[in-house]
Amino acid sequence: MSDFSLTTRWLIPAPVERVWASLVATENWPAWWDYVAIVDETAAGNSLGINNVRRYLWRTCLPYDLAFELRVTQLHPYRSITAEVTGDLIGSGDCSLTYRENEAATELIFIWNVSLAKSWMKLLAGVARPVFVWNHQRVMKNGEAGLIRHLTGNSELSL
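Because the structure is predicted, anything quoted here is derived from the model rather than measured.

**Considering the side chain of Asn 135**
Tracing the backbone shows Asn 135 in helix H3 (residues 119–152). On the basis of relative accessibility, which here comes to 3%, the residue Asn 135 falls in the buried class. There is a polar contact of 2.9 Å between the side chain of Asn 135 and the backbone nitrogen of Cys 61. In this structure, Asn 135 is in contact with Thr 60, Cys 61, Leu 62 and Tyr 64, ignoring residues within four places of it in sequence.

The following block contains the structure:
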C-alpha cells in the first residue's frame, strides 16, 4: 500500500513523437524543468530501455530535496512508460501518452503510487499530506509549463 496515489494530466501542444523524445531524454530535463537538479544514468538497460536506471535529485517548492533512482520496467514507444522508484520515495509510476487530434496536443497522464522513505516526512505525513500533495502538483505544473516552452519556444509561458 502506498502513502500517496497522485495523478497529473499534462496537455502539450506538440505531436506525440516530439513529446516522447523529450520525455525519455531525462538527462535534458534540468534544461526545461526547473525542479530537476541532477539526472545521472547508473545502468543503461537493454536496447529497448528496459531496466534503464537513472538517479534524480529534485528540488521542490518547499525547503527540501528528494533523491531517488528510477528503473524503467515497461516501455511502449509513444504510448507508455512504467517505472519503479527507490530512495526518498518508494513505489511505482506510470506515464501514458495519447495524441488528442481535436486539441492538437499530446495528453500525458502520470500516475504515481509512492511511499515516503525519509523519516521526518513519514513522521509528518498525516498532518502534512495536503502540503506534500500541493508541492507535488506545483512541481508537476512547472514541468508541464517547461515542456511546453521547450517544445514551442514560447518563453512567455509560466506557472
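We are not done yet, so read on.
**Some points on the environment of Val 85**
Here Val 85 shows up in strand S5 (residues 80–87). In the structure, Val 85 is positioned 15 residues away from Leu 70 in sequence and 4.5 Å away in space, judged by C-alpha atoms. With residues up to four places along the chain from it excluded, the contact list for Val 85 reads Phe 68, Glu 69, Leu 70, Ile 90, Gly 91, Ser 92, Trp 112 and Val 114.

**Regarding the packing of helix H1 (residues 16–24) against H3**
Two elements in contact, H1 and H3, have axes whose closest approach is 11 Å; the angle formed by their N-to-C orientations is 120 degrees. The orientation of H1 with respect to H3, classified from their angle, is oblique. In the packing of H1 onto H3, the handedness of the crossing is right-handed. Contacts from Arg 18, Val 19 and Ser 22 of H1 reach H3 at Leu 147, His 150 and Leu 151. Considering only residue class, the contact of H1 with H3 consists of three nonpolar, two polar and one charged.

**Quick notes on the pairing of strand S3 (residues 53–58)**
Within S3, five of the six residues are buried, which leaves the element mostly enclosed by the surrounding structure. Relative to S3, strand S2 (residues 36–43) runs antiparallel, the two sharing six bridges. Paired with Val 39 across the strands is Tyr 56, a residue of S3. As defined by bridge partners, S3 adjoins strand S4 (residues 66–76) across six bridges and the pair is classed as antiparallel. Within S4, the position partnered with Val 53 by the bridge is Arg 71.

**Some points on a nonpolar patch on the surface**
A contiguous nonpolar patch, built from Trp 120, Leu 123, Leu 124 and Val 127 and spanning about 440 Å² of accessible area, is present on the exposed surface. For Leu 123, the position within the fold is in helix H3. You can call Leu 123 exposed: its relative accessible area is 73%.

**Some details on H1**
Considered for burial, the residues of H1 that qualify are Val 16, Val 19, Trp 20, Ser 22 and Leu 23. Down the axis of H1, the sector holding all buried residues measures 165 degrees, keeping them to one side.

Conventions used here
- Residues numbered from 1 in each chain as written.
- Predicted model: local features only at pLDDT ≥ 70, side-chain atom pairs only at ≥ 80, totals over all residues.
- Heavy atoms only, no water.
- Helix = DSSP H or I, 4+ residues; strand = E, 2+ residues; numbered from the N terminus.
- Buried < 20%, exposed > 50% of the residue type's maximum accessible area, 1.4 Å probe, protein only.
- Polar contact = N/O pair within 3.5 Å; in protein donor to acceptor, adjacent residues only side chain to side chain.
- Contact = heavy atoms within 4.5 Å.
- Axes fitted to C-alpha atoms, helices over the stretch in contact; angles between N-to-C directions.
- Parallel < 35°, antiparallel > 145°, perpendicular 65-115°, else oblique.
- Left-handed = near helix turned anticlockwise from the far one by under 90°.
- Nonpolar A, V, L, I, M, F, W, Y, C, P; charged D, E, K, R; others polar.
- Pairing = 2+ DSSP bridges.
- Patch = residues over 30% accessible without salt bridge, like charges linked within 9 Å, V, L, I, M, F, W, Y side chains within 5 Å.
- Areas by Shrake-Rupley, 256 points an atom, 1.4 Å probe, with all protein chains shown as cover.
- Salt bridge = Lys/Arg side-chain N within 4 Å of Asp/Glu carboxyl O.
- Arc of directions from axis to C-beta.

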